[in-house]
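Chain by chain, the residues run as shown.
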Amino acid sequence: MNMRPLLRSALRTVQVGLNLKHGATIENLQEQLIQAPLQSRGISAVAERSDSFRGHGMLAPFTAGWQTTDLDPLVIEKSEGCYLYDVHGSRYLDALAGLWCTALGGSEPRLVAAATAQLNTLPFYHSFWNRTTKPSLDLAEELIETFTARKMGKAFFVNSGSEANDTQVKLVWYYNNALGRPNKKKFIARGKAYHGSTLISASLTGLPALHQQFDLPAPFVLRTDCPHYWRYHLPGETEEEFATRLANNLENLILKEGPETIAAFIAEPVMGAGGVIPPPATYFDKIQAVVKKYDILFIADEVVCAFGRLGEMFGSDKYNIKPDLVSLAKALSSAYMPIGAVLVSPEISEVIYSQSNKLGAFSHGFTYSGHPVACAVALEAVKIYKERNIVEQAKKLTPKFQDGLKAFSESPIVGEIRGTGLILGTEFADKKSPNDPFPPEWGVGAYFGAQCQKHGMLVRIAGDTIMMCPPLIISEEQLDDLISIYGKALKATEERVKELKFRSK
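Predicted model only: the values in this text are computed from it and were never measured.

Scoring rules and cut-offs
Residues numbered from 1 in each chain as written. Predicted model: local features only at pLDDT ≥ 70, side-chain atom pairs only at ≥ 80, totals over all residues. Heavy atoms only, no water. Helix = DSSP H or I, 4+ residues; strand = E, 2+ residues; numbered from the N terminus. Buried < 20%, exposed > 50% of the residue type's maximum accessible area, 1.4 Å probe, protein only. Polar contact = N/O pair within 3.5 Å; in protein donor to acceptor, adjacent residues only side chain to side chain. Contact = heavy atoms within 4.5 Å. Pairing = 2+ DSSP bridges. Axes fitted to C-alpha atoms, helices over the stretch in contact; angles between N-to-C directions. pLDDT = per-residue confidence, 0-100. Phe/Tyr/Trp six-rings, centres within 6.5 Å; stacked < 30°, edge-to-face > 60°. Lys NZ or Arg CZ within 6 Å of the ring centre and 35° of its normal. Salt bridge = Lys/Arg side-chain N within 4 Å of Asp/Glu carboxyl O. Parallel < 35°, antiparallel > 145°, perpendicular 65-115°, else oblique. Left-handed = near helix turned anticlockwise from the far one by under 90°. Nonpolar A, V, L, I, M, F, W, Y, C, P; charged D, E, K, R; others polar.

Draft legend 1. Region of interest: the side chain of T426. Tracing the sequence through the fold places T426 in strand β12 (residues 423–428). With a relative accessible area of 1%, T426 lands in the buried category. A polar contact is formed between the side chain of T426 and the side chain of Y486, at a distance of 2.7 Å. Here T426 is in contact with V414, E416, I417, D464, T465, I466 and Y486, once residues within four sequence places are set aside.

Draft legend 2. Here's a closer look at the pairing of strand β5 (residues 186–190). Burial analysis of β5 places 4 of its 5 residues in the buried class, the great majority of the element. Here 3 bridges tie β5 to strand β7 (residues 262–267), and the two strands are oriented parallel to one another. Along β7, the bridge assignment pairs F187 with A264. Pairing geometry for β5 and strand β6 (residues 221–224), over 4 bridges, is parallel. Directly across from F187, in β6, lies its bridge partner V221.

Draft legend 3. Examining the sheet that holds strand β11 (residues 414–420) more closely. Read across the open sheet, the 4 strands follow the order β11-β12-β15-β14; overall the sheet is antiparallel. The sheet terminates laterally at β11 and β14 (460–462), the two strands that pair on one side only. Each strand of the sheet is rotated relative to its neighbour by a mean of 15°, with strand direction disregarded. Pairing analysis gives 3 bridges linking β14 to strand β15 (residues 465–468), with the strands arranged antiparallel. Bridging across to β15, I461 finds its partner in I466. In the packing of helix α15 (residues 390–406) onto the sheet, the strands contacted are β11, β12 and β15, and the crossing angle to β11 comes to about 175°.

Draft legend 4. Local environment of the sheet that holds strand β1 (residues 76–80). Pairing is mixed across the open sheet formed by 4 strands, whose spatial order is β1-β2-β3-β13. On the outer flanks of this sheet lie β1 and β13 (457–458), each paired with one strand and no other. Strand direction decides the pairing type here: β1 and strand β2 (residues 83–86), joined by 4 bridges, are antiparallel. Pairing of E80 across the sheet is with Y83, part of β2.

Draft legend 5. Expanded view of the pairing of strand β10 (residues 340–344). Of all 5 residues in β10, 5 are buried; the element is thus mostly enclosed. Burial of the side chains of β10 extends over both faces: G340, V342 and V344 are buried on one face and A341 and L343 on the other. Sheet topology note: the strand β4 (residues 154–158)/β10 ladder contains 5 bridges and is antiparallel. Of the residues in β10, the one forming a bridge with V158 is G340. Where strand β9 (residues 325–328) meets β10, 4 bridges bridge the pair, whose relative direction is antiparallel. By the bridge assignment for β10, L328 is matched with A341.

Draft legend 6. Representation of the environment of V304 within the structure. Inspection of the secondary structure assignment puts V304 in the loop between β8 (297–301) and α12 (315–319). A relative accessible area of 12% places V304 in the buried class. Along the backbone, V304 and H126 are 178 residues apart, and their C-alpha atoms lie at a distance of 27 Å.

Draft legend 7. Up close: the confidence of the model for the protein chain. Model confidence for the protein chain is summarised by a mean pLDDT of 92, while 90% of its residues fall at 70 or above. Taken together, the stretch residues 9–48 has pLDDT below 50 and engages in 89 contacts with residues farther than four places along the chain or on a different chain.

Draft legend 8. Expanded view of the packing of aromatic side chains. According to the stated counting rule, one finds 18 aromatic pairs in the structure shown. Measuring from ring centre to ring centre gives 6.2 Å for F156 and F362, while their planes differ by 85°; the resulting arrangement is edge-to-face. Placement of the pair is F156 in strand β4 and F362 in the loop between α13 (346–359) and α14 (372–387), with a sequence separation of 206 residues. For F156, a relative accessible area of 15% puts it in the buried group. Residues Y174 and F362 carry aromatic rings whose centres are separated by 5.4 Å and whose planes lie at 80° to one another, so their mutual orientation is edge-to-face. Linking Y174 in helix α7 (residues 161–178) with F362 in the loop between α13 and α14, this pair joins segments that are 188 residues apart in sequence. On the basis of relative accessible area, Y174 is assigned to the buried category, the value being 17%. One aromatic cluster is present, formed by F265, Y283, F284, F298 and Y319 through successive ring pairs. Above the ring of Y85, the side-chain terminus of K78 is found at 4.7 Å from the ring centroid. Its end group placed over the ring of Y83, R91 keeps NZ or CZ at 3.9 Å from the ring centre.

Draft legend 9. Structural context of the pattern of salt bridges. Counted under the stated rule, the structure contains 21 salt bridges. Residue R54 pairs with D72 through a salt bridge whose shortest N-O separation is 3.8 Å. Here D72 lies in the loop between α3 (65–70) and β1 and R54 lies in the loop between α2 (26–39) and α3, a separation of 18 residues in the sequence. With relative accessibility at 4%, the residue D72 sits in the buried group.

Draft legend 10. Just the packing of α7 against α13, in detail. Contact geometry of α7 with α13 gives a least axis separation of 9 Å together with a crossing angle of 70°. Here α13 runs roughly perpendicular to α7, going by the angle between their axes. Here α7 and α13 pass one another in a crossing that is left-handed. Together, L171, Y174, Y175 and A178 of α7 and E347, I348, V351, I352, Q355, S356 and L359 of α13 make up the contact between the two elements. Its residues placed into classes, the contact of α7 with α13 shows 8 nonpolar, 2 polar and 1 charged.

Rendered as structure tokens:
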């Protein structure tokens, strides 16, 4: 589907709400949608400045080509605690923690000092061929000790969540080959899941946009139900009954494909980029019983949930998940350095060791696996989480964050506000029903996001779903500001929808 006409149509619909010039061209509307929030704060339009970044040389991720060609990007220059500053000096409350990752905010001196000290001592060395560095060894031990949902045996280092989940598939295949089970190779992932954007991790991802024109997903990935109760429950069905139905559907899928062909099931404790979807009551208890029954490994994708996001150190702690493998990234270093990790159970790591002894080596890894600077920063981040009781702080702030925003649930344009801990999603819908979305050309979510930016806050926009995930160090006063800006943006969006409904009569 060509999104440019659709987005241009959406830009046309927000003309009044953003006080755009009467009679402006569509091209100008595109420009003004981005610039209007800045102009309303007394900042000159980027198009009128000499330092425009329009048409820059970067192939930007998750960005349409016309946006790069026709619009100036929002260029962030500095961070300070929970705030971001653009190149023109405008300040924004970062309500997404960068990209679900800057748990300790944007100016933690201990992380900067850890990186600086390591750069001055040993800026790089690899971990191939039984050579390595002290920071990577220390971090591996720290992670194995910190993850207590079940005992873990080893940690393998990567550079991102995508690489972690890509590695998961290779490890599981290697494991089953070593056990003489060459047909046990299929993976089950869920609709609306996000597990990354590499070839394999994008195949695990359950969002069609990551598959279109990429010849994905790969055929070894099977899809099971998205556990979104509000959207998919049957009339009169309780959360527990919904969870039972989904577990039964999973078991039927396994039996249809043949349990001897299914290697692993992968899940985020709370789904992130798919719309912030917490599991229904009893869901993971029932899912784990199914996969255990058929000797299928459970992979916990903790890339977003780990290190306090849900009010527990790990999402696995919150939902009593006992995984065989775990994916970590993002808050592992509070995003100050790119790093991810795979935690491997003792049972799997022992098989990998045995097989690698037979073959001569475990032939998987990356140049930057266990990069000493990244590991030093991550080690310091984990120490901070523990020393400052960041998990308890997040748990203490949870009621204010969740209740403060869920108080807007009665809005006529809100279908559902959902979340747990310090992560939350808002889905806009007409008549408060998942079966009555607003016309996409109305751009309801985009309008709400622009209003947030106008008032100095950045959120994640995905269609008509808004996602928020502030740094874990956010203060009560900053939460008050976050809730206030949300309310202002919602009120303006309600007025906009009311106007669009009147026009469409």
